[in-house]
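Geometric and topological summary
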Amino acid sequence: MRRMLVVMLLTGLAPVWGATLVVPAGDADALAEALTKAQAGDMVELAGGVYVGGITLPGVGTQGAPLTVRAAEGARVVIDAHGDEYGVRIAAGAGWLVIENLVVVRARSFGLYARPAHDLAIRGCTFARNGDSGLYLRQVNGAVIERCVFHHNRINGARFAGVGLLRVADCISYLHPAAPGSSENFGLYITGCAGAIIERNALFLNDKSGCRIVNSPDGNTVRDNCTYLNGWTGFDINSRSHQHLYVNNLMINNLAHGINPKGYSHNNRFVNNTIVGN
């Protein structure tokens, strides 16, 4: 059963809000102070500007009163990690957290990293030019990723490992080049996830595949996505990924395969997909 935050996001039910903590333009110290002071239900709102250095988001959100960190209306807010390991790190065990409309760049490893965590919503964010993946969620129970853009990250656009109740929707992931010695380089890399919904994403010009799903049993749904001009496959279904539904996907001009099921994957269903020019 999906937790309350995921239900609120999908049905439009309103959470309870507390104080709004306004951060002046580009003031990284003020941002750190606001995150330290934030309580359940608060909103930390960043004025437009570049904030230098990685940040850690605390675990103060509660069911029905999430912590929200977002750009001010119409503002361009850049978290420039400037070589820190993470651009945005979610504190271990944190949950009931909403992140909106941030641009996260130049982390040494991951633009955003969470392990473990629960009930996360990440919407309208951009992750670019990070040293590994733009976003990496690991051992997270409940995550909604909507309207995000991933580009020019060194290995993957977004990686999900052991994430329950995952939904990735209306995202764009492209141009993740091959790092020397890397076997990855996917628009989306999904491993050990069950019951995920991957829908209406555009995945293109990645060095290997638009989307790789590996070791993910039991009922993922992949629908209405477009994968094209990737260096290997549109969808790479690998190693014990069973009982998925692929419906209404478009796979065009990928270098090798539109879709490539292999490695003991079985009982997957393919309905009304279009595979052209691969």
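For clarity, every value in this text was computed on a predicted model and none was experimentally measured.

This part takes up the overall build of the chain. Regarding its fold elements, the chain presents two helices and 30 strands. Judged by the C-alpha coordinates and their principal axes, the chain covers about 50 × 40 × 30 Å. Within the chain, the fraction of its 278 residues that count as buried is 55%. The long-range fraction of contacts in the chain, counting pairs at least 24 apart against all pairs at least 6 apart in sequence, stands at 60%. When the accessible surface of the chain is summed, it comes to about 11,000 Å², and 52% of that surface belongs to carbon and sulfur atoms. Averaging the locations of the 23 positively and 20 negatively charged side chains of the chain gives two centres separated by 7 Å.

This part is about the nonpolar core. The biggest cluster of nonpolar side chains holds 58 residues, and the ones touching the most others in it are Val44, Leu135, Leu137, Ile145, Phe160 and Leu166. The element best represented in this core is helix H2 (residues 28-37), accounting for four residues. Core analysis: the next-biggest nonpolar cluster, separate from the first, contains five residues, Tyr86, Phe110, Tyr136 and Ala161 among them.

In this section: the sheet that holds strand E26 (residues 245-247). The eleven strands are arranged E1-E2-E5-E8-E11-E14-E17-E20-E23-E26-E29 in an open sheet whose pairing can be described as parallel. Looking along the sheet, the strands with just one partner apiece sit at the ends: strand E1 (20-23) and strand E29 (269-271). Taking the axes of each pair of neighbouring strands and ignoring which way they run, one obtains an average angle of 10° across the sheet. Strand direction decides the pairing type here: strand E20 (residues 197-199) and strand E23 (residues 221-223), joined by three bridges, are parallel. For isoleucine 198, the partnering residue across the bridge sits in E23 and is valine 222.

The subject of this paragraph is the environment of aspartate 42. Its place among the elements puts aspartate 42 in the loop between H2 and strand E2 (43-46). For aspartate 42, a relative accessible area of 8% corresponds to the buried category. Measuring from C-alpha to C-alpha, the distance between aspartate 42 and glycine 61 comes to 8.3 Å, with 19 residues separating the pair along the chain. When sequence neighbours within four positions are dropped, the list of residues in contact with aspartate 42 reads Gly18, Ala19, Leu21, Lys37, Pro66, Leu67 and Thr68. A distance of 2.9 Å separates a polar atom in the side chain of aspartate 42 from the backbone nitrogen of alanine 19. Within the local environment of aspartate 42, its side chain forms a polar contact with the backbone nitrogen of glutamine 39, the two atoms lying 2.9 Å apart.

Cut-off values and rules
- Residues numbered from 1 in each chain as written.
- Predicted model: local features only at pLDDT ≥ 70, side-chain atom pairs only at ≥ 80, totals over all residues.
- Heavy atoms only, no water.
- Helix = DSSP H or I, 4+ residues; strand = E, 2+ residues; numbered from the N terminus.
- Buried < 20%, exposed > 50% of the residue type's maximum accessible area, 1.4 Å probe, protein only.
- Contact = heavy atoms within 4.5 Å.
- Areas by Shrake-Rupley, 256 points an atom, 1.4 Å probe, with all protein chains shown as cover.
- Lys, Arg positive; Asp, Glu negative; His and termini not counted.
- Charge placed at Lys NZ, Arg CZ, Asp CG, Glu CD.
- Core = buried A, V, L, I, M, F, W, Y, C linked by side-chain atoms within 4.5 Å.
- Pairing = 2+ DSSP bridges.
- Axes fitted to C-alpha atoms, helices over the stretch in contact; angles between N-to-C directions.
- Polar contact = N/O pair within 3.5 Å; in protein donor to acceptor, adjacent residues only side chain to side chain.

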